[in-house]
Every structure is written in C-alpha cells, then in structure tokens.
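# Chain and residue survey
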Amino acid sequence: MRKVTKAIIPAAGLGTRFLPATKAMPKEMLPIVDKPTIQYIVEEAIDSGVEEIIVVTGKGKRAIEDHFDVAFELEHVLEEKGKLDILEKVRKSSHVNLHYIRQKRAFGLGHAVWCARNFIGNEPFAVLLGDDIVEAQVPCTKQLIQQYERTGRSVIGVQSVDPDQTHRYGIVDPRTKMDHLYEVNRFVEKPVKGQAPSNLAIMGRYVLTPDIFNYLEKHEVGAGGEIQLTDAIQKLNEDKGVYAYDFQGTRYDVGEQLGFIMTNIDFALRNADLRQGLITGLEEIMERELGKELIAGWSGRR
Ligand code: G1P
C-alpha cells in the first residue's frame, strides 16, 4: 500500500462570510491570535506525516504565498533588535515548502481538488479545509491516515453537530459502526433542513484514494450549482466503499464570524501572556453590557 505523503489545501474560496475584511485579503490569512488560520492547517498536515502540500489558490490570494516565503528584511531587522522569540515564530512559517496552483473559476470544492490531480498522480492523499481547526493529541489527519492504512479505503473525517446545523455540512448516512469507524449508505451534501439522515457532519478532513479523480473529472454539478467533492465521494462509496471516521479532538469553526471570534477568545485564554488581561477585559465588557448582577453570577460559576 502506498503511503500518504501528499495533501491538498483548497484555498480559492471568496470568503464572502467575512466581507469586507476579505475584499483584499484572503480569508485564510485572518489570524487566530497571532497565526493565520491556514498556518494551523499546514502544521496539522506536517504533524500528520505529509511531506508535500499543494495549495489551490485563486485571484487575490498572493498573501498566502508571501506568508510562507522567506522574509529576509523582516528577519534581519528582528535579529538586529534582538527579538529572537518573534524571529523564531516568523521563521517557522518560512521553512515550509508549499506548491501552488490556481483554480481559475470558482466551480466548487470538487473542482478545486481536481485542479491538483497532476500533482497528486496515482497516490492516496489528504485534503484539509481551512474552515475548521482541530486540536487533538493525534493530529486529525494522522488519525484518518491510520484508518486508511488499516482499511485501504478512502476515509472521511466526521463529528456530530447540532441537528439544526446539518444544512451547513456534508452529512453521512451511517450503516454500521465499529469503534469510531462507519460504513456509509450515503454521503449527502448540505441536506435541506429537517431532511438530514443523521447529524454526523464532514469536517473538512479527508484521505482519498486517487480513483476519486475518475468521478471528479465528470464535472457533475451538485448542491449550490457547484461541483461537490461530497458527490464524487458518494459515487466512489457506491463502487468501492468509503469510510467515515469520527475523529477524536476539539474542532473550532473558524469559517464563520461567531466561531472565528469564539476561537480567538478560546486560544487567547490559553496564551499565558494574554490570559489575565483578557479575563479582566471580558469581565469589564460583560459588566458594562449585562449589568453587575449577571457578571457576579458568571464569575461565581467559574
Ligand atoms: C465544505 C464541504 C462540506 C463540509 C464543509 C466542512 O462545505 O462541501 O461537505 O461539511 O466544507 O467545513 P463549505 O463549508 O465549503 O460550503
């Protein structure tokens, strides 16, 4: 069996949920505390054993390439000023070797993955979407790779979501479950509200066998008028069987405004330099917004 050494990070989306912030800046560069969201994704891939990453970009995404490039002037200035801790953080992002390809039209996620077919060739590969950051003891993608190595089949990362959120995701109709691994009747992209077959949602982490390209190349249009990766996965599932794996770890939804803000607060609270100041600041805001009684109850519960 071939090892998974390659990954695709689709990053061509327009970032409409964050406009106007994303008018001239890729949404993947929006920071969680001090790191752009895409860097968390790249680091997960590397920590999972991936050796080569291709980012599928589009118009207006050049800042991503600059971010992962060497910044000689900046590094020189930081070195001269003795800011070595910051220098180390800056260098961490320059030492990653990424490949890039452009998706020339916004035809959807399935099409974005298809754009990277020549880079992938005839090997299994991972796909990591940037709308979710996953914190886990064993990196999420590594968990999926381990399941692929056990089964030889494509494996899709899933977790339960609130039943009233299923319309936002690809949803799995599970058949059988062994430990955290499901055989699947159907993968459905963004089911209509109230018609989801379960609340197990695709969380933007995939390990796919290269035969997925046989289905993607048909360019069939699905939900939202786009070429959907989920539809191709369902076709592959019908022919060869695809597993869903309920991975361990905490997922942070950074693809919409509220989740993005909450994730920033959550990560900042775990940063020793920011924690106390943030708690004090949040208490002040809560007190101003909600009144003294509520904040007293809130502090008491902590
Ligand atoms: C994409 C996938 C969907 C998945 C979701 C996870 O949708 O098409 O199956 O559940 O990512 O974030 P998007 O959010 O890009 O519309």
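Residues numbered from 1 in each chain as written. Predicted model: local features only at pLDDT ≥ 70, side-chain atom pairs only at ≥ 80, totals over all residues. Heavy atoms only, no water.

## A short note on the site of the ligand
Around the ligand sit Leu109, Leu129, Asp131, Asp132, Tyr169, Gly170, Glu189, Lys190, Ile202, Gly204, Gln228 and Thr230, and those are all the residues in its vicinity. In this structure, an oxygen atom belonging to the ligand sits 3.3 Å away from a side-chain N or O atom of aspartate 132. Between the ligand and glutamate 189 there is a distance of 2.7 Å, counted from an oxygen atom to a side-chain nitrogen or oxygen. The fraction of the free accessible surface of the ligand (380 Å²) that becomes covered by protein chains is 84%. Along the lines of polarity and charge, the residues of the shell around the ligand split into four nonpolar, four polar and four charged. (Near = heavy atom within 4 Å. Polar contact = N/O pair within 3.5 Å; in protein donor to acceptor, adjacent residues only side chain to side chain. Areas by Shrake-Rupley, 256 points an atom, 1.4 Å probe, with all protein chains shown as cover. Nonpolar A, V, L, I, M, F, W, Y, C, P; charged D, E, K, R; others polar.)

## Topic: unusual backbone geometry
Of note, the bond from leucine 19 into proline 20 is cis; its omega dihedral lies within 30 degrees of zero at 5°. Take proline 20: it is sitting in the loop between strand E1 (6–10) and strand E2 (31–32). Even without being glycine, aspartate 179 reaches a positive phi, approximately 55°. The topology assignment puts aspartate 179 in the loop between strand E9 (170–178) and strand E10 (181–189). The phi dihedral of lysine 190 is positive, around 40°, even though this residue is not glycine. Within the secondary structure, lysine 190 is located in the loop between E10 and strand E11 (200–208). (Helix = DSSP H or I, 4+ residues; strand = E, 2+ residues; numbered from the N terminus.)

## Brief notes about the nonpolar core
Proteins that are soluble and globular tend to have nonpolar side chains buried together. The biggest cluster of nonpolar side chains holds 43 residues, and the ones touching the most others in it are Ile9, Ile38, Val42, Ile53 and Ile133. Element by element, the count of residues in this core is highest for helix H1 (residues 37–47), at five residues. In this view, isoleucine 53 contacts Ala7, Ile9, Val42, Ala45, Ile46, Leu98, His99 and Phe119; residues no more than four positions away in its chain are not counted. Formed by 33 residues, the second largest nonpolar core is a distinct cluster that contains Ile54, Trp114, Leu129 and Ile233. (Core = buried A, V, L, I, M, F, W, Y, C linked by side-chain atoms within 4.5 Å. Buried < 20%, exposed > 50% of the residue type's maximum accessible area, 1.4 Å probe, protein only. Contact = heavy atoms within 4.5 Å.)

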